[in-house]
Amino acid sequence: METESEPYVRLATLRQLHRVVAELNTARSLADTLQTVVDGIVVGLGYELACVNLVRPDGDLVVAAFAGDPAAEALITGRVGSRTSWERRLTMGENWDGLRFIPHTEGWVLMEDDVPQWHTEGPEPRFEDEWHPEDRLYAPMYASGGELLGVISVDRPRNGRRPGAWGREALQMYAFQAAIAISNARLRANMQRALVRLEREQQALRASEESFRQAFEYAPSGMAIAEMGGDQHGRLLRTNDALCRLLGRPASVLRRYSFSDLVHPEDIGTLLRTSAEGGRAELRLGRRDGTYVWVSLRNSVVADAADGPRFLLTHVEDIEERKRHELQLAHRASHDSLTGLPNSAELRSRLGARLCRRPQSVRATAVEALDAAYEGREGHVVYDGYEVRVGAGGAGEHGFQPDGPDRQAGAVPGAGAVPGSDPFTFPGAQTARTDGPYDHHVHTVAPATDIDDGTKGLAVLFCDLDGFKSINDRFGHHTGDAVLIEVARRLTTGVRDGDTVARLGGDEFVVLADGLGAADAADLAVRLRNAIIPPIRVDGRAVRVGASFGIGWASCGMSADEVLRSADQRMYIEKRSRSKAHRRAG
């Protein structure tokens with residue numbers, strides 16, 4: 001599906017997967033949900049054909065939705081395959097961590113069974129992982145209780161190859177989310193029918209109340225009814241066993257709470273918006289043991305035509321596992337698989353977050369310093385024999401905002417920046433703020449020369465290992481990988497908390513260290529070089545590498561690539577200034 005060594009492709013695939021999974025929750029009916037499932041596979045997962053075989057009440061599977069080829073859709077949609085034939089297929093071929101792949105060399109025995117199928121003839125594969133028209137790949141979907149809901153069948157990968165580990169995991173995750181969406185669609189249909197019956201005559205109301213009670217009590221996911229309006233707005237009136245188990249609290253205890261008492265403090269705004277308007281939200285609810293669990297919360301406002309809203313019907317679904325998978329996938333897309341360090345894309349993202357298109361300001365003049373010192377107060381002051389007007393707007397054309405709530409002391413030359421929420425802002429960082437499109441941006445300022453004049457900035461140390469290629473060539477990639485892992489560990493150990501150590505690729509590393517002067521950066525480079533020099537033992541053998549460091553400085557007005565290129569050029573200047581023998585010795 002994609003080349004697994006390419007983090008950009010992984011990140012694009014992850015974003016596309018998120019989009020198609022989000023679409024699953026927008027479908028209103030079961031039929032819409034099934035069609036959305038197959039459309040998402042064709043649009044987002046890189047297959048030309050996809051269909052959903054749904055388990056019927058009698059146990060057989062019917063082709064309920066098809067996407068990718070109108071002719072094939074007309075031919076097999078609505079046709080039924082027996083449960084016995086499907087169980088045979090799901091035990092054949094290769095088990096790909098929950099997926100079932102049957103190569104064409106084994107699938108010929110299935111040509112005469114009663115499972116609906118459509119394929120075209122094709123040549124034999126030219127290479128090992130090329131997809132054959134008679135290859136079969138199935139993704140079973142299971143309900144929370146473990147029973148089979150249906151089977152997703154896919155065909156014709158657009159790249160012509162069998163999916164790798166990344167593509168398999170994406171299809172497996174999508175099948176997991178599709179099973180949840182199908183279960184929820186069925187549950188929503190049952191709940192909507194129950195709510196309609198509640199509005200009928202009194203006799204029908206009593207009958208439908210029992211149906212609603214059973215759907216509520218025995219729902220596989222959490223359900224709750226909360227009060228609307230008055231002093232007790234939001235208080236839980238009724239909860240089912242699934243929600244009690246999820247939160248670790250009995251129903252009698254939950255009736256003392258409202259959702260606002262249970263939600264994570266950071267998610268209270270999301271909860272209030274969802275409670276007032278209805279709809280769906282993802283937030284964290286507190287368990288009895290003090291931990292929080294991620295849930296998908298869907299609210300429906302049940303209203304009376306005469307009296308207005310009566311109560312809030314809430315469906316609570318445990319999505320902790322999906323959130324964990326999302327974090328894992330995001331980490332894989334932004335970190336080097338060998339060393340665990342941030343990769344090139346993540347490095348550029350972090351560096352770019354500190355830069356803007358406006359060049360760094362010149363040193364603050366005396367007027368600007370007074371503006372910052374007087375915190376924007378209007379009036380006249382005398383400085384060095386000259387009368388100067390200080391306006392409420394600060395330094396005018398330079399755009400300092402000394403009176404704003406986010407004022408930074410770093411706007412005055414030589415003063416240390418106030419630490420902010422930015423992970424790269426450290427005490428002593430030289431910064432300035434601007435108005436207009438750069439309002440609230442903390443400018444990154446670089447020292448003017450290599451001579452330490454007290455200016456603090458964001459140092460970019462570009463590291464290239466000396467002698468690494470000979471180790472790789474002589475002892476093999478296993479030894480080379482072990483050396484890279486140990487170098488990454490030594491670099492990480494040698495920097496401060498909050499500094500970034502990233503691997504660009506090959507034997508190149510980059511360190512981002514904020515709040516350093518020229519002398520500080522030079523000292524850091526020496527310390528890191530000395531940390532790399534000691535021998536590294538791999539399989540009982542001691543090997544050594546040296547390191548060449550180039551020190552660049554990030555500055556607003558530069559792009560991330562320009563900053564890295566500057567540091568890279570300085571590294572090569574430093575490397576050429578030393579003899580080859582001295583490089584290995586550090």
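Residues numbered from 1 in each chain as written. Predicted model: local features only at pLDDT ≥ 70, side-chain atom pairs only at ≥ 80, totals over all residues. Heavy atoms only, no water.

Looking only at helices and strands, the protein has 19 helices and 20 strands in total. Per-residue burial over the protein gives 48% buried out of 586 residues. Per element, the accessible surface of the protein, about 28700 Å² overall, is 50% carbon and sulfur. (Helix = DSSP H or I, 4+ residues; strand = E, 2+ residues; numbered from the N terminus. Buried < 20%, exposed > 50% of the residue type's maximum accessible area, 1.4 Å probe, protein only. Areas by Shrake-Rupley, 256 points an atom, 1.4 Å probe, with all protein chains shown as cover.)

What follows concerns helix H18 (residues 560–576). With 17 residues, H18 extends 25 Å between its outermost C-alpha atoms, agreeing within 8% with the 24 Å of an ideal straight helix rising 1.5 Å per residue. For H18, the complete set of buried residues consists of Ala 560, Val 563, Leu 564, Ala 567, Met 571, Glu 574 and Lys 575. Across the axial projection of H18, the buried residues extend over an arc of 110°, all falling on one side. Exposed side of H18, more than 90 degrees from the buried face: Ile 573 and Arg 576 are the residues found there. (Expected span 1.5 Å × (residues − 1). Arc of directions from axis to C-beta.)

Here the focus is a nonpolar patch on the surface. Taken together, the side chains of Trp 108, Val 109 and Met 111 make up a nonpolar region of the molecular surface, amounting to roughly 290 Å² of accessible area. Relative to the helices and strands, Trp 108 is located in the loop between helix H5 (104–107) and strand E6 (136–142). (Patch = residues over 30% accessible without salt bridge, like charges linked within 9 Å, V, L, I, M, F, W, Y side chains within 5 Å. Salt bridge = Lys/Arg side-chain N within 4 Å of Asp/Glu carboxyl O.)

For the rest of this paragraph, the subject is helix H13 (residues 344–353). Taken as a whole, H13 has its buried residues at Ser 344, Ala 345, Glu 346, Leu 347 and Leu 351. Residue Asn 343 occupies the N-cap position of H13, its side-chain oxygen lying 3.3 Å from the main-chain nitrogen of Ala 345. (Polar contact = N/O pair within 3.5 Å; in protein donor to acceptor, adjacent residues only side chain to side chain.)

It is worth spelling out the sheet that holds strand E3 (residues 80–81) at this point. The strand order E3-E2-E1-E7-E6-E5-E4 describes an open sheet built from 7 strands, whose pairing is antiparallel. Looking at which strands have only one partner, the edges of the open sheet turn out to be E3 and strand E4 (94–96). Where helix H2 (residues 30–44) meets the sheet, its contacts fall on strand E1 (47–55), strand E2 (61–67) and strand E7 (148–157), and the angle it forms with E1 comes to roughly 155°. (Pairing = 2+ DSSP bridges. Contact = heavy atoms within 4.5 Å. Axes fitted to C-alpha atoms, helices over the stretch in contact; angles between N-to-C directions.)

It is worth spelling out unusual backbone geometry at this point. Here the phi dihedral of Asp 97 falls at roughly 50°; this positive angle occurs in a residue that is not glycine. Position of Asp 97 among the secondary structure elements: in the loop between E4 and strand E5 (99–102). The phi dihedral of Arg 156 falls on the positive side, at around 60°, and the residue is not glycine. Within the secondary structure, Arg 156 sits in strand E7. When its relative accessible area of 28% is taken as the criterion, Arg 156 is described as partly exposed.

This next bit is on the pattern of salt bridges. By the definition in use, this model includes 31 salt bridges. Across the salt bridge formed by Asp 514 and Arg 354, the nearest N and O atoms sit 2.5 Å from each other. Taken together, the residues span a long stretch of sequence, with Asp 514 in strand E17 (residues 508–516) and Arg 354 in the loop between H13 and helix H14 (366–373) at a distance of 160 residues. By the burial criterion, Asp 514 is buried, and Arg 354 matches it. Across the pair Arg 490 and Glu 486 runs a salt bridge whose closest N-O atoms are separated by 2.8 Å. Highlighted residues: Arg 490 and Glu 486, both in helix H16 (residues 477–493), separated by 4 residues, approximately one helical turn.

Take the environment of Leu 312 next. Among the structural elements, Leu 312 can be located in strand E12 (residues 308–318). By relative accessible area, which is 6% here, Leu 312 ends up buried.

This part takes up the sheet that holds E17. The antiparallel open sheet is built from 4 strands, whose spatial order is E16-E17-E15-E20. At either margin of the open sheet sits one strand with a lone partner, and together these are strand E16 (500–505) and strand E20 (546–553). Shown here is a sheet whose adjacent strand axes are inclined to one another by a mean of 25°, direction ignored. Strands in contact with helix H17 (residues 518–532) are strand E15 (457–466), E17 and E20; relative to E20, the strand with the most contacts, it is inclined by about 160°. Packing of H18 onto the sheet brings it into contact with E15, E17 and E20, and relative to E20 it is tilted by some 135°.

A few words now on the nonpolar core. Generally speaking, nonpolar side chains in soluble globular proteins are found buried as a group. One finds Leu 137, Met 141, Ile 152 and Tyr 174 to be the most contacted residues of the largest nonpolar core, which totals 36 residues. Of all elements in the fold, only helix H1 (7–24), H2, E1, E2, E5, E6, E7 and helix H6 (165–198) reach the threshold of two or more residues within this core. With 8 residues, the top contributor of residues to this core is H6. Those residues in contact with Ile 152 that lie beyond four places of it in its chain are Val 37, Ile 41, Cys 51, Val 52, Leu 137, Tyr 138, Ala 139, Met 141, Ala 175 and Ala 178. Grouped together as the second largest cluster of nonpolar side chains are 33 residues, Leu 461, Ile 471, Ala 488 and Val 543 included. (Core = buried A, V, L, I, M, F, W, Y, C linked by side-chain atoms within 4.5 Å.)

Time to look at the environment of Arg 249. By secondary structure assignment, the location of Arg 249 is in the loop between helix H8 (241–247) and helix H9 (251–254). The class of Arg 249 is buried, set by a relative accessible area of 14%. In sequence terms Arg 249 and Asp 289 are 40 residues apart; their C-alpha atoms lie 9.6 Å from each other.

Enumeration over the complete set of coordinates arrives at 3 aromatic pairs. Their ring planes at 75° and their centres at 5.3 Å tell us that Trp 86 and Tyr 138 sit as a pair that is edge-to-face. Here the residue Trp 86 occupies a position in helix H4 (residues 83–89), and Tyr 138 occupies one in strand E6, the gap between them amounting to 52 residues. Classification of Tyr 138 by relative accessible area gives buried; the value is 3%. A ring pair is formed by Phe 101 and Trp 131, whose centres lie 5.9 Å apart and whose planes are at 55°; its orientation type is tilted. With Phe 101 in strand E5 and Trp 131 in the loop between H5 and E6, this residue pair connects regions lying 30 residues apart in the sequence. This pair shows no difference in class: Phe 101 is buried, exactly as Trp 131 is. By way of ring pairs, the aromatic residues Trp 96, Phe 101 and Trp 131 are connected into one cluster. (Phe/Tyr/Trp six-rings, centres within 6.5 Å; stacked < 30°, edge-to-face > 60°.)

Residue position: His 315 is located in strand E12. Residue His 315 is classed as buried on the basis of its relative accessible area of 9%. Discounting residues that sit within four places of it in the chain, His 315 has contacts with Asn 184, Leu 187, Ser 221, Gly 222, Met 223, Ser 296, Leu 297 and Arg 298.

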